[in-house]
Amino acid sequence: MKKVGIVMGSDSDLPVIQKTADTLRALEIEFEVHVYSAHRTPVEAREFALSARSMGFGVIIAAAGMAAHLAGAIAANTTLPVIGIPCKGPVLDGLDALLSTVQMPSGIPVATVGVNGGTNAALLAAQILAVEDKALAERLAAKRAADTEAVLAKDAGITGRL
Ligand code: RP5
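Residues numbered from 1 in each chain as written. Predicted model: local features only at pLDDT ≥ 70, side-chain atom pairs only at ≥ 80, totals over all residues. Heavy atoms only, no water.

Chemist: Tell me about the site of the ligand, and name the residues and values.
Modeler: In the vicinity of the ligand, the residues found are Gly9, Ser10, Ser12, Asp13, His39, Arg40, Ala64 and Gly65. The contact in question runs from an oxygen atom of the ligand to an N or O atom on the side chain of Ser12, over 2.7 Å. For the ligand, an oxygen atom lies 3.0 Å from a polar atom in the backbone of Gly65. Relative to its unbound accessible area of 370 Å², the ligand is 73% covered by the protein chains. Of the residues belonging to the shell around the ligand, the class tally is one nonpolar, five polar and two charged. (Near = heavy atom within 4 Å. Polar contact = N/O pair within 3.5 Å; in protein donor to acceptor, adjacent residues only side chain to side chain. Areas by Shrake-Rupley, 256 points an atom, 1.4 Å probe, with all protein chains shown as cover. Nonpolar A, V, L, I, M, F, W, Y, C, P; charged D, E, K, R; others polar.)

In structure tokens, the structure reads:
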């Protein structure tokens, strides 16, 4: 199976990426994590993106906050699918990162999840890889079923909590 590449702009983004890592592990998907910044280490970020396909990656997840151009900068240097996670910053509650990540001009797409959406980024990456991987598709279906059961159990118990 192809690996997932995870790039975060700073180690301060780690709490968001923890959710991504936990979800990928639960789905038995191999991943590699790096701290590469579009502005602090632009050379390393570019080199990672340029070599990602030949290194065996199938999807890249890029997480960054504030003026979050990391996902777009990675996407500019690869034709692998890139999933952007806008991270909540100290001033604008993540709206700055959300708009910076999602509003890519035509030609270089970034599939953007919600602010701090580390879990959904992992699930979307898994769904992309599952197009060509039946066993992974089955693990995803099993997770969906378990999540459904968990909600129905809450439904059954909600009246008793009032
Ligand atoms: C972005 O700036 C990072 O992705 C992080 O979300 C934000 C703040 O970085 P630090 O100043 O905490 O390193 O590049």
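So much for the structure itself; the text now carries on.
Chemist: Run through the nonpolar core, naming residues and quoting values.
Modeler: Formed by 26 residues in total, the largest nonpolar core has its most connected members in Val4, Ile29, Ile61 and Ile85. Mapped onto this core, the elements with two or more residues apiece are β1 (3-8), α1 (14-26), β3 (57-65), β4 (82-87), α5 (118-130) and α6 (134-157). The greatest single-element share of this core, amounting to seven residues, is contributed by α5. Counting residues in hydrophobic clusters, the runner-up holds 20 residues, among them Ala38, Ala45, Ala49 and Ala64. (Core = buried A, V, L, I, M, F, W, Y, C linked by side-chain atoms within 4.5 Å. Buried < 20%, exposed > 50% of the residue type's maximum accessible area, 1.4 Å probe, protein only. Helix = DSSP H or I, 4+ residues; strand = E, 2+ residues; numbered from the N terminus.)

Chemist: Describe the packing of α5 against α6, with residues and values.
Modeler: Two elements in contact, α5 and α6, have axes whose closest approach is 8 Å; the angle formed by their N-to-C orientations is 140 degrees. Between α5 and α6, the angle is such that the two are oblique. The handedness of the crossing between α5 and α6 comes out as left-handed. Across the interface between the two elements, Leu123, Ala126, Gln127, Leu129 and Ala130 from α5 touch Leu136, Ala137, Leu140, Lys143 and Arg144 from α6. Considered class by class, the residues forming the contact of α5 with α6 number seven nonpolar, one polar and two charged. (Axes fitted to C-alpha atoms, helices over the stretch in contact; angles between N-to-C directions. Parallel < 35°, antiparallel > 145°, perpendicular 65-115°, else oblique. Left-handed = near helix turned anticlockwise from the far one by under 90°. Contact = heavy atoms within 4.5 Å.)

Chemist: Before we move on, could you go through the side chain of Thr101 and cite the residues and values that matter?
Modeler: Take Thr101: it is sitting in helix α4 (residues 95-102). Looking at Thr101, its side chain comes within polar contact range of the main-chain oxygen of Ala97, at 2.8 Å. Contact partners of Thr101, with chain neighbours within four places excluded, come to Ala68, Ala71, Gly84, Pro86, Val110 and Thr112.

Chemist: Any chance you could break down the environment of Ile128 for me, citing the residues and the numbers?
Modeler: Looking at where Ile128 falls in the secondary structure, it is placed in helix α5. The sequence separation of Ile128 and Ala142 amounts to 14 residues, and the corresponding C-alpha distance is 17 Å. Once residues lying within four places of it in the same chain are set aside, the contact partners of Ile128 are Val59, Pro81 and Ile83.

Chemist: Please give an account of the pairing of β1 that cites residues and values.
Modeler: A large share of β1 lies buried, amounting to six of its six residues. The two faces of β1 match: Lys3, Gly5 and Val7 on one face and Val4, Ile6 and Met8 on the other face are all buried. Of the strand pairs in this sheet, β1 and strand β2 (residues 31-35) are connected by five bridges, and their pairing is parallel. For Gly5, the partnering residue across the bridge sits in β2 and is Glu32. (Pairing = 2+ DSSP bridges.)

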